[in-house]
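Residues per chain, in single letters:
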Amino acid sequence: MKFYSLLKEKKKSILNEWFDDLLSSYPEESAQFFRSNPNQFTNPVGNTFRLNLEKIFDELLCEKCSEKLPEYVDGIVRIRSLQSFAPSMALIFVFSLKKVVWQNLRSEIKKYNLYEEYYTFVNKLDELIGLAFDLYMQCREQIWSQKANYMNSRVHKLLERAGLIKEVGEL
Amino acid sequence: MALPNARKLFSQISHRMPKREWMDIPVEIKPGRYCYPANPKSLETVGMPHARQWSPLDEDWKLPENWMEIVRQGMKERLEKFRSFKVFMDICVRCGACADKCHYFIGTGDPKNMPVLRAELFRSIYRGEFTKAGKILGRFAGARKLTEEVIKEWWYYLYQCSECRRCSLFCPYGIDQAEITIIGRELTNLLGLNTDWIATPAANCYRTGNHLGIQPHAFKEMLEFFCDDIEEITGIRPEPSFNKKGADILFITPSGDVFADPGTYTCMGYLMLFHYLKEEYGLEVTWSTYASEGGNFGFFTSHEMMKRLNAKMYMEAKRLGVKWILGGECGHMWRVIHQYMDTMNGPADFLEEPVNPITGTKFENAKSTKMVHITEFTADLIKHGKLKLDKSRNDNLIVTFHDSCNPARGMGLFEEPRYVIKSVCNNFYDMPENTIREQTFCCGSGAGLNAGEIEELRFLGGLPRANAVKHVHEKYGVNMLACICAIDRAALPPLMNYWVPEVDVTGVHELVGNALILPGEQERETNLRGEPLPGKEE
């Protein structure tokens, strides 16, 4: 499990780079704000990103991810899915972890021949991509279903108030 | 919270210049970020200029031929007329204190939603058109040329500001971004650029009396429909008065309370309270089918339109010969009443200085406007022990309170709603202090932005609020978000559904209606929503 102990060892640097990579999808002024304000209430976006990336990373370090993982991924995806990004861009952070880990551990992977362990880790990342995609679609579908439900109930209420429809029991 | 030290603060400062200056970043009009343009008929109804069909996604916005002259002249007139506008154009030192205070910036990360930058969209033109330095030095002095692109950028970002004024709280000069937005929107209106979610309600209000264009008989029927429900739940049927001459008090509330859930339950709370006061103390409160709208979408259009729509409040009070006016739970309606009405349509010298006839309390703050906020009125009644209440009926609720921007920052109404809630509920928890009272976060849908087509923008703008609700939900089990604004009651349910689905939304007087013990009522089985009361579940 050499590879995983290296991941733990380099956790801080990996997380910082991963966070910066996520923020690079925003204009510089905004990225600076998301990065620097540590208050969870006045900077919910930046703080959710920072905290949840760490939680996701910790989950990936475990042999088996816990049932909490979807919640952590959802925290980030729920925000990104609203921010006018193309789907691939909204989920760029799950793809970028592969790059960040490789950049941080490339020499060690080569030196100690850790490709086997790296491969299992990358497989986990692929599963994470699937999960993020499912959650992204859930968010988008929720937005549209809220809109559709609102329109349906509005029309229904108008018809009801106009006395044009009757429930079965009222006939 | 400990103060951060200088080193920590310094480490947060970026010393890199942005790659491109904001003036070099062209506006990109994105669907989902703008409201649909106004229906020309709505603009024509109220005599607004240059009504036409146009689309924000088109290259050609069909501006009037002399648009440049209109904007220059419009800006000049307003710089001369509004000292505040002139001062706000001149004094900003771009310190950035406001930059991260806007909920739309916090949520979207679009730098042009920083209040300072949103205002710079205007200041740059002001400098270029009206200052010597700007005319000579141009961009070096922060000036730029007035182009069609500028107009598009104005329109796009002016209608991404909810005039909540949170930014102004942090500005060392007290620059009020809302005033800049208000005047900016006036300028876009001169060119026929508005949004339908504002223009059509304004026209309906002008023509029929309320935003949805509901006619008087339908307004009355709706309230009677609520009386049916109240009778079913309590065994008591309130008999509301309409347009009653010689009543003690005229009651005006936003029409959202009459026509949209969950505001309708708040409306039932009002009806029950007035019935109680009539039975117990002989107080006569009348509703009006003419002044059937407290909200004022003219406020989001122009000062003149705001004045025209507001005028009916005093006119109706005069016609009916009431002593004073009571106002329901609304947001911007109170901003208009508190800060503009007296000057615009006053003095209301035909009304009495408001005194609660039951308690004798003088409402000093309403001495001039003659209009009292219902949470202040109810808080006074409760404080003097004039209402019989059963708090346990709300025991299934763990409540928090969203300070609606306008009553909070616009009139300093912090304690009264909390006092009322705590008097009718046993479980109340405030959200963190930097998200409530004067620092409250907007619902993300104020100032005419509650349109369906920008739901995603609203969800991002409402994120800071929802995030604080989520915190108290996780910490204390909060399951009900109370508020005193009709837009909040319309905007917060879908917002909660997206971010914190376990939390529902209520008006304060719905909670009052649940707790209020009407004289002679039957034992209640359900709350006003028809849900079983605590202990009455099967």
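Presented here is a report on the structure given in the accompanying data block. No experiment lies behind these values; they were computed from the predicted model shown. (Residues numbered from 1 in each chain as written. Chains lettered and ligands numbered in written order. Predicted model: local features only at pLDDT ≥ 70, side-chain atom pairs only at ≥ 80, totals over all residues.)

**Some words on the packing of helix α4 (residues 44-61) of chain A against helix α5 (residues 69-80) of chain A**
Residue and element names in this part refer to chain A. Put simply, the test is: Axes here mean lines fitted to C-alpha atoms, for a helix over just the part in contact, with angles spanning 0 to 180 degrees between N-to-C directions. Segments assigned H or I by DSSP are reported as helices when at least four residues long, segments assigned E as strands when at least two residues long, and all are numbered from the N terminus. An angle below 35 degrees is read as roughly parallel, one above 145 as roughly antiparallel, one from 65 to 115 as roughly perpendicular, and any other as oblique. Crossing handedness is defined as follows: a turn of the near helix away from the far one that is anticlockwise and smaller than a right angle gives a left-handed crossing, while the clockwise case is right-handed. Note on contacts: each residue gets a C-beta atom placed from the backbone, and two residues are in contact if those atoms are within 7 Å. Basically, the charged four are Asp, Glu, Lys and Arg, the nonpolar ten are Ala, Val, Leu, Ile, Met, Phe, Trp, Tyr, Cys and Pro, and anything else, Gly included, counts as polar.
Following both chains from N to C, one finds α4 and α5 inclined at 150°, their axes separated by 9 Å at the closest point. Taken together, α4 and α5 sit at an angle that is classed as roughly antiparallel. Viewed along their axes, α4 and α5 form a crossing whose handedness is left-handed. On α5, the residues touching V45, T48, F49, N52, K55, I56 and E59 of α4 are L69, Y72, V73, G75, I76 and I79. By residue class, the composition of the contact of α4 with α5 is eight nonpolar, three polar and two charged.

**Some remarks on the packing of helix α4 (residues 83-91) of chain B against helix α10 (residues 177-190) of chain B**
Residue and element names in this part refer to chain B. Remark: α4 packs on α10, axes separated minimally by 10 Å, with the N-to-C direction vectors making an angle of 110°. What the angle tells us is that α4 and α10 run roughly perpendicular. By crossing handedness, the relation of α4 to α10 is classed as left-handed. Within the contact between the two elements, α4 uses S84, F85 and F88 and α10 uses E179, I180 and I183. Looking at side-chain class alone, the contact of α4 with α10 contains four nonpolar, one polar and one charged residues.

**Some remarks on helix α14 (residues 263-281) of chain B**
Residue and element names in this part refer to chain B. Basically, it comes down to this: For a helix, the expected span equals 1.5 Å multiplied by the number of residues minus one. In this scheme the burial state of a residue depends on its C-beta neighbours within 10 Å: 20 or more other such atoms mean buried, 12 or fewer mean exposed, and anything in between means partly exposed; the C-beta positions come from the backbone.
The end-to-end C-alpha distance of α14, which contains 19 residues, comes to 27 Å, matching closely the 27 Å that a straight helix rising 1.5 Å per residue would cover. The element α14 is extensively covered by neighbouring structure, given that 15 of its 19 residues are classed as buried. A positive backbone phi angle near 70° is found at G282, which sits one or two residues after α14.

**Quick look at unusual backbone geometry**
That bond from D261 of chain B to P262 of chain B is cis: its omega, 0°, falls within 30 degrees of zero. Residue G346 of chain B is joined to P347 of chain B through a cis peptide bond whose omega torsion reads 0°. By secondary structure assignment, the location of P347 of chain B is in the loop between α16 (332-345) and β5 (371-373). The backbone of N113 of chain A shows a phi angle near 50°, a positive value even though the residue is not glycine. Locating N113 of chain A in the fold gives a position in the loop between α7 (92-111) and α8 (115-161). Of note, the phi angle at K370 of chain B is positive, near 65°, even though the residue is not glycine.

**Points about the sheet that holds strand β7 (residues 480-483) of chain B**
Residue and element names in this part refer to chain B. The line we're drawing: Strand pairing is assigned whenever DSSP detects at least two bridges linking the two strands.
On the basis of which strands lie adjacent, the open sheet formed by three strands has the order β6-β7-β8 and parallel pairing. Each edge of the open sheet is held by one strand with a lone partner, namely β6 (399-401) and β8 (504-507). On average, each strand axis in the sheet is inclined to that of its neighbour by 35°, with strand direction left out of account. Two strands pair when backbone bridges link them, and β7 and β8 are joined in this way by four bridges, in the parallel orientation.

**Quick notes on the environment of E59 of chain A**
Here E59 of chain A shows up in helix α4. Apart from residues lying up to four places away in sequence, E59 of chain A is in contact with C65, S66, L69 and Y72 of chain A.

**Structural notes on the nonpolar core**
All names here are of chain B. The condition is simple: Only buried residues count toward a nonpolar core: Ala, Val, Leu, Ile, Met, Phe, Trp, Tyr and Cys, linked into one set through C-beta atoms within 7 Å. A domain assignment, automatic or from a database, supplies the domain bounds used here.
Counting residues in hydrophobic clusters, the biggest one holds 192 residues, and the most contacted among them are I325, I421, V469 and M496. It is α14 that contributes the most residues to this core, ten residues altogether. Each of domain 1 (20-194) and domain 2 (202-515) accounts for three or more of the residues forming this core.

**A few points about the interface of chain B and chain A**
Between chain B and chain A, the contact holds 27 residues from the first and 23 residues from the second. Residue assignment for the side of chain B that touches chain A shows that the elements contributing at least two residues are α5 (103-108), α20 (455-461), α21 (463-476) and α22 (486-499) of chain B. A per-class count over the side of chain B that touches chain A returns eleven nonpolar, eleven polar and five charged.

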